[in-house]
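Residue-level structure breakdown
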Amino acid sequence: MKPEYILSLIGIYFLVLLTIAYFTGKKDSNNAFFSGNKKSPWYVVAFGMIGASLSGVTFISVPGWVKESNFSYMQTVFGYLIGYIVIAFVLLPIYYKLQVTSIYEYLENRFGKTSHKTGAVFFFISRVLGASFRLYLVASVLQQFVFEQWNVPFPVTVILSIALIWVYTFRGGIKTIVWTDTLQTFFMLSAVIATIFIISDHMNWSLVDLFQSEELKKYTNIFFIEDIKSKNHAIKSILGGMFIAIAMTGLDQDMMQKNLTCRNIKEAQWNVLSLGVVLIPVNFIFLFLGAMLFTYANQMGIEIPVVDGTPKTDLLFPEIALNGGLGLFVGVVFILGLIAAAYSSADSALTSLTTSFCFDFLNFDKEKTENQKSTRKKVHIGVSILLILVIIVFRYILEDNIISNVLKVAAYTYGPLLGMFAFGIITKRKIKDQFVWIVAIISVTITMLLHNHTKDILNGYVFGLEILGINGFITFVGLWIISNKEEKKKSKLKGEFIE
């Protein structure tokens, strides 16, 4: 597919997004930017969150992961559903009761200012890295298949990618994103389903033939229960998936900000529960596509693309879609699907980072009303520049599959958040707030040491996604150490004991 065609498609696609942004961002108000005026229909939010949850990482990296891990990722997805149930019935009631804009305001309400800042810092680091991973992926594809042929430097590709997001989010914010995510989810899922049917047609296979083929079966193992030491053992993956969902959705300003735009808590709960159910078949379809891609590549003699001397399975899908002889239509739906998948996650990340920085670090709600809009826009620009710099650095340091990097970062950065929220909800103990940041850093340090050395210490045991839960548990224990039982005080007025 010619680079000119790809750029034309991207241009048309963003014109549609800008049209949506025009109508949703007319008032350019802070209320619309941060909370969508609390009027978003839950089913629209739920459908759009499919795309935001999956992102460009799932669109490209999950199919590319099939060769290494088969369908073991489904074990993690089953764990996601358990996590979403916890979010719906434990976390959402807290957020709605406190009427927060940033969910980390809960930590200040429960513990104090240091806890609030600590939680916000860990979210900020995690979301900057996570969003950068996702945007790095789409920028790499555009660089490999479009801009490289015109000798455009990679940093320029990144700047263009971020600039496009900034243009359609800087006015409407989360109100715009709720609606653009719906369109982006539709394009992403349509692209995957269309590609599956077209590849099967080129291989002269019906869907029944595909499910029964021996070539495909070697990629489709789901449950791994033989070796508990293995990082993809079923129990470890399901528990890890539960912790990932709770942390990366329930304790993530990006994902929760959309839920908090719903009209009421019941609609928000319906949104989260329906998302957890729908993600099971959707992720299975992505893995099925990955098995088909490797089967097709083997039959047609298509090599895995190599970047800087290293084979990149993340680039197999774009290689086949754009250069695999499947026709122009597949190239078109792939580009639309890729852009939709990548930007459905990245645009909300940019908005949530802006929200978090304003409310968690700048005390935005206490600023003069006439200055708030100017401050919001300056922060929006600053976050955009930060993402550009991080993505460019990734170009020179990343080697592994992108989704494995995303989950690894989540295990380290969301662990303290998991521990802090769990401690606040489960116990009534009062902590020494000034020491919370020390506990968080110690927890991450211990987790990294465990992750890197347990194979030798524990006779070959390798941590998988359950390391996130362990990180949270270490934080929980640390908070217990710096806490004391909250004493009941005697009321001078009524002689009663109160908390």
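Once a new chain begins, its residue numbering starts again from 1 and follows that chain's sequence as written. For a predicted model such as this one, the threshold for reporting local features is a pLDDT of at least 70, and the threshold for listing and counting side-chain atom pairs is 80 or more; totals across whole chains, interfaces and linings nevertheless cover every residue. Water and hydrogen atoms were dropped before computing side-chain values, which therefore reflect all heavy atoms in the structure.

1. Remarks on the overall build of the protein chain
The following threshold applies: In DSSP terms, a helix is any run of H or I states spanning at least four residues, a strand is any run of E spanning at least two, and both are numbered starting from the N terminus. Residue contacts are defined here by distance: any two heavy atoms, one from each residue, within 4.5 Å place the two residues in contact. Using a 1.4 Å probe, the Shrake-Rupley method yields the accessible areas, and only the shown protein chains count as cover for residues.
The number of helices and strands found in the protein chain is 20 helices and 6 strands. Put simply, of all contacts in the protein chain between residues at least 6 apart along the chain, 84% involve residues at least 24 apart. Counting only carbon and sulfur atoms, one obtains 64% of the accessible surface of the protein chain, whose full area is about 21,200 Å².

2. Topic: the packing of aromatic side chains
In plain terms, the rule: Within 6.5 Å between ring centres, the rings of Phe, Tyr and Trp (the latter by its six-membered ring) count as paired, and their orientation is classed by plane angle as stacked under 30 degrees, edge-to-face over 60, tilted in between. Each residue is placed in one exposure class: buried if its accessible area under a 1.4 Å probe, protein chains only, is under 20% of its type's maximum, exposed if it is over 50%, and partly exposed if it falls in between.
Evaluation of the coordinates by the stated rule reveals 15 aromatic pairs. Here Tyr95 and Phe421 contribute two aromatic rings whose centre-to-centre distance is 6.5 Å and whose plane-to-plane angle is 85°, an arrangement assigned as edge-to-face. Highlighted residues: Tyr95 in helix α4 (residues 73–98) and Phe421 in helix α18 (residues 415–426), separated in sequence by 326 residues. Each member of the pair Tyr95 and Phe421 is classed as buried. With 5.4 Å between their ring centres and 45° between their planes, Phe357 and Phe361 make a pair best called tilted. Linking Phe357 with Phe361, this pair stays in helix α15 (residues 328–361), spanning 4 residues, or about one helical turn. On the basis of relative accessibility, which here comes to 30%, the residue Phe357 falls in the partly exposed class.

3. Regarding the pattern of salt bridges
Note the threshold: Here, a salt bridge means any side-chain nitrogen of Lys or Arg that lies within 4 Å of a carboxyl oxygen of Asp or Glu.
Counted by the stated rule, this structure contains 1 salt bridge. Residues Arg127 and Asp252 are paired through a salt bridge, measuring 2.6 Å at the closest nitrogen-oxygen approach. Note that Arg127 is positioned in helix α6 (residues 113–145) and Asp252 in the loop between α11 (234–250) and α12 (253–259), a separation of 125 residues in sequence. Neither Arg127 nor Asp252 differs from the other in exposure class; each is buried.

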